[in-house]
Amino acid sequence: MIISQQKPLADILASLGDSNSVFIVGCAKCATVCKSGGEEEVWQMQEALISSGKSVTGSVIIDEACHMLRVGRDLRGRQQLVDDADASLVMACGAGIQSVSAAIPKKTVAGLDSLFLGNIRRFGQFEQKCSLCGECVLSETAGICPVTACPKGLLNGPCGGMDEGRCEIDAEAECAWAQIFTTVRETGRIANLAESVPPKNYSKIPKPGKLKLK
Amino acid sequence: MTALLSKFEQKLMAGSFVITAEVCPPKGCDCAAFIRHAEALSGMIDAINVTDNQGANMRISPLAASALLLKSGVEPILQLTCRDRNRLAIQSDLLGAAALGIRNVLALTGDHISFGDHKEAKSVFDLDSVQLLECMKSLAAGVDMSGKKLEGTPSFFAGAAAAPEAEPFELTLFKLQKKVAAGAGFFQTQAIFNSGKLARFCEAVAPLGAKTIAGILLLKSAAMAKFINKNIPGLKVPEEIVQELADSADQAATGLAIACRLAREVKPHVNGVHIMAMGREEVIPEIVDAINN
């Protein structure tokens, strides 16, 4: 899921500027799990905006905000509330924010910062395991992604900063290659440790990404 | 392009003992002191490593600084990291190095950007050190990384870094093997404090055919050793050395004595010594004397 975090209220108020009435959009999927843009957070935001002298015309939690057609439909269902507002504040990831900005011709304010594609370790604890690099190497790396787990994304083994199996930039973190090495030893999983891995092919992930199923 | 061997390379390949030292180029464009330090050392050491935004701290281009050394008659080892350049920039710089007559290149991954003075910068790491060595091999074969033919073929004496004291050693070993397979002719190691671990390293690396130049770190004080342990990746000063410095009435002198002692200890195991003086280049001659006598 997309891990997101609420922007500080001061930043949101600065972005709203002289827009006095606000329509708030939340997301029932990732932002709800991240407790950054679910029902509770949208309600709290509404209270905070009112305390800061803004008026809130209404709100909606969209299931899910990255779905552009659904966002259009849900907003049309609340057309009057949307029209009454000077701006919409979107408490969803960057994809969700842009579904809204594409659907409403008015000012759109981002309520969240989108951080990474994350796994859920336990409630409220998220970890990045995949960088969406377009060329999955997990079959060759014992199921552990060095592109993501190594801060330098090294494909050919640990850097010179690794010691005692720890990462040079975080003594608490296990080096990605130490994880791979240990996994190979303990589970007998296969990893390509001996052969040089060529540089990644970044032409596989052009920006902006597009995929159309045939 | 000339394919003449560098003097450093000739000496190393002939089996003679070499001495290299690291001199950090300036933060700024005034290279006078940098060249003066290098010239003062050039009579007693074989080559000078020119660091590349060392510790992710922005400094003058090591390519420019290496070219200035060459012009002053000092043999450089150009350090090139993958942190700040993508594969186009790396190949451009390598061709530039060759055109300027720089032959020795130490291929490095590079310290993480979070250690340096531009923490908000984007790190590149388009290539890693193994891929950088492969890239140099490709250029030396007359083609770039996309297979396009080059006008004039560069030639390099490629080296790589090694951390003989890092554990687990087997984990580092497979990368060392890849580095040699990718063309590394020599290793310059991180600071050595434990000659037992260095011997283990040499035993593993000797059959690969690469030469080993052992790193010797010059410490000024116990406080500096502690700072290094906390802030400099890949360097780990053992507790007994920190204590030896702390117990000394003249810590700088003790630091020099430790460096001389370690240099003498490692000498029998290796093909050369690499001195990291951490800004105290003026005492390098004393370490060189200790190695030679």
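Rules used throughout
Residues numbered from 1 in each chain as written. Chains lettered and ligands numbered in written order. Predicted model: local features only at pLDDT ≥ 70, side-chain atom pairs only at ≥ 80, totals over all residues. Heavy atoms only, no water. Phe/Tyr/Trp six-rings, centres within 6.5 Å; stacked < 30°, edge-to-face > 60°. Helix = DSSP H or I, 4+ residues; strand = E, 2+ residues; numbered from the N terminus. Buried < 20%, exposed > 50% of the residue type's maximum accessible area, 1.4 Å probe, protein only. Lys NZ or Arg CZ within 6 Å of the ring centre and 35° of its normal. Contact = heavy atoms within 4.5 Å. Salt bridge = Lys/Arg side-chain N within 4 Å of Asp/Glu carboxyl O. Nonpolar A, V, L, I, M, F, W, Y, C, P; charged D, E, K, R; others polar. Core = buried A, V, L, I, M, F, W, Y, C linked by side-chain atoms within 4.5 Å. Domains from an automatic or database assignment. Pairing = 2+ DSSP bridges. Axes fitted to C-alpha atoms, helices over the stretch in contact; angles between N-to-C directions. Expected span 1.5 Å × (residues − 1). Arc of directions from axis to C-beta. Polar contact = N/O pair within 3.5 Å; in protein donor to acceptor, adjacent residues only side chain to side chain.

Asks: For this particular structure, what's the right way to read the packing of aromatic side chains?
Replies: One pair of aromatic rings is described through two measures. These are the centre distance and the angle between the planes. All names here are of chain B. What the rule picks out here adds up to 5 aromatic pairs over all chains. Pairing Phe 157 with Phe 186 gives two aromatic rings, centres 4.9 Å apart and planes at 40°, and the pair type is tilted. Pair noted here: Phe 157 is in strand E5 (residues 157–162) and Phe 186 is in strand E6 (residues 186–191), with a separation of 29 residues, a long-range link. Judged by relative accessible area, which is 5%, Phe 157 ranks as buried. Phe 186 gets classed as buried once you look at its relative accessible area, which sits at 0%. Positioned above the aromatic ring of Phe 17 is the side chain of Lys 267, whose terminal nitrogen or guanidinium carbon lies 5.2 Å from the ring centre.

Asks: Hey, could you run me through the interface of chain A and chain B in this one?
Replies: Size of an interface, as often reported, equals the accessible area lost when the parts are brought together. Contacts between the two partners involve 29 residues from chain A, matched on the other side by 29 residues from chain B. There are 3 salt bridges connecting chain A and chain B. Notably, a salt bridge pairs B:Glu170 with A:Arg185, separated by 2.8 Å at the nearest N-O pair. Partitioned by chemical class, the residues of the side of chain A that touches chain B number 16 nonpolar, 6 polar and 7 charged.

Asks: How do you make sense of the nonpolar core when you look at a structure like this?
Replies: Generally speaking, nonpolar side chains in soluble globular proteins are found buried as a group. Counting 87 residues, the largest nonpolar core has B:Leu94 and B:Leu219 as its most contacted members. Looking at this core element by element, the count peaks at 7 residues for helix H10 (residues 251–266) of chain B. Not counting residues up to four positions away in its chain, the partners in contact with B:Leu219 are B:Phe193, B:Met224, B:Ala225, B:Ile228, B:Val237, B:Ile241, B:Leu245, B:Ala252, B:Gly255, B:Leu256 and B:Arg280. Of all hydrophobic cores here, the second largest spans 29 residues; its members include A:Leu16, A:Val25, A:Ile97 and A:Val109.

Asks: Where do I start with the domain arrangement of chain A in this structure?
Replies: By domain assignment, chain A separates into domain 1 (2–116) and domain 2 (132–204). Summarising the inter-unit geometry, the C-alpha centres of domain 1 of chain A and domain 2 of chain A are found 38 Å apart.

Asks: Looking at this structure, how should I read the sheet that holds strand E1 (residues 2–6) of chain A?
Replies: Sheets are built from strands paired through backbone hydrogen bonds, the pairs being either parallel or antiparallel. All names here are of chain A. The 3 strands lie next to each other as E1-E6-E7, forming an open sheet whose pairing is antiparallel. The open sheet terminates on both sides in strands that have one partner only, identified here as E1 and strand E7 (125–128). Within this sheet the neighbouring strands show an average axis-to-axis angle of 65°, counted without direction. Pairing geometry for E1 and strand E6 (residues 112–122), over 5 bridges, is antiparallel. Among the inter-strand pairings, Gln 5 is bridged to a residue of E6, identified as Asp 113.

Asks: Explanation requested: the sheet that holds strand E7 (residues 211–217) of chain B in the structure shown.
Replies: Residues and elements named next belong to chain B. Overall, parallel pairing links the 8 strands, which are arranged E1-E2-E3-E4-E5-E6-E7-E8 in a closed barrel. Sheet twist, expressed as the mean angle between neighbouring strand axes with direction ignored, is 25°. Pairing analysis gives 4 bridges linking E6 to E7, with the strands arranged parallel. In the strand pairing of E7, Gln 188 is matched with Ile 213. With respect to the sheet, helix H6 (residues 169–181) is in contact with E5 and E6, its orientation differing from that of E5 by roughly 175°.

Asks: Where do I start with helix H3 (residues 39–51) of chain A in this structure?
Replies: Every α-helix winds through 3.6 residues per turn, so residues three or four apart in the chain are directed the same way. Residue and element names in this part refer to chain A. Under the 1.5 Å per step criterion, the end-to-end length of H3 is 19 Å for 13 residues, consistent within 8% with the ideal 18 Å. Turning to H3, its buried residues are Glu 41, Val 42, Met 45 and Leu 49. Considered in projection along H3, the buried side chains sweep an arc of 100° and stay on one side of the axis. Seen from the buried face of H3, the exposed residues on the opposite side, beyond 90 degrees, are Glu 39, Trp 43 and Ser 51. Lining the buried residues of H3 we find E1, helix H1 (9–16), strand E2 (21–27), helix H2 (30–33), strand E3 (55–62) and strand E4 (87–91). Looking one or two places after H3, you find Gly 53, whose phi comes out positive at around 90°.

Asks: Explain the side chain of B:Asp128 to me, please; I cannot follow it from the model alone.
Replies: Its place among the elements puts B:Asp128 in the loop between strand E4 (104–108) and helix H5 (129–140). At a separation of 3.4 Å, a polar atom in the side chain of B:Asp128 contacts the main-chain amide nitrogen of A:Leu155. Among the polar contacts listed, one links the side chain of B:Asp128 to the side chain of A:Asn156, at a separation of 3.1 Å. Every residue in contact with B:Asp128, bar those within four places of it in the chain, is listed here: A:Leu154, A:Leu155, A:Asn156, B:Cys82 and B:Thr109.

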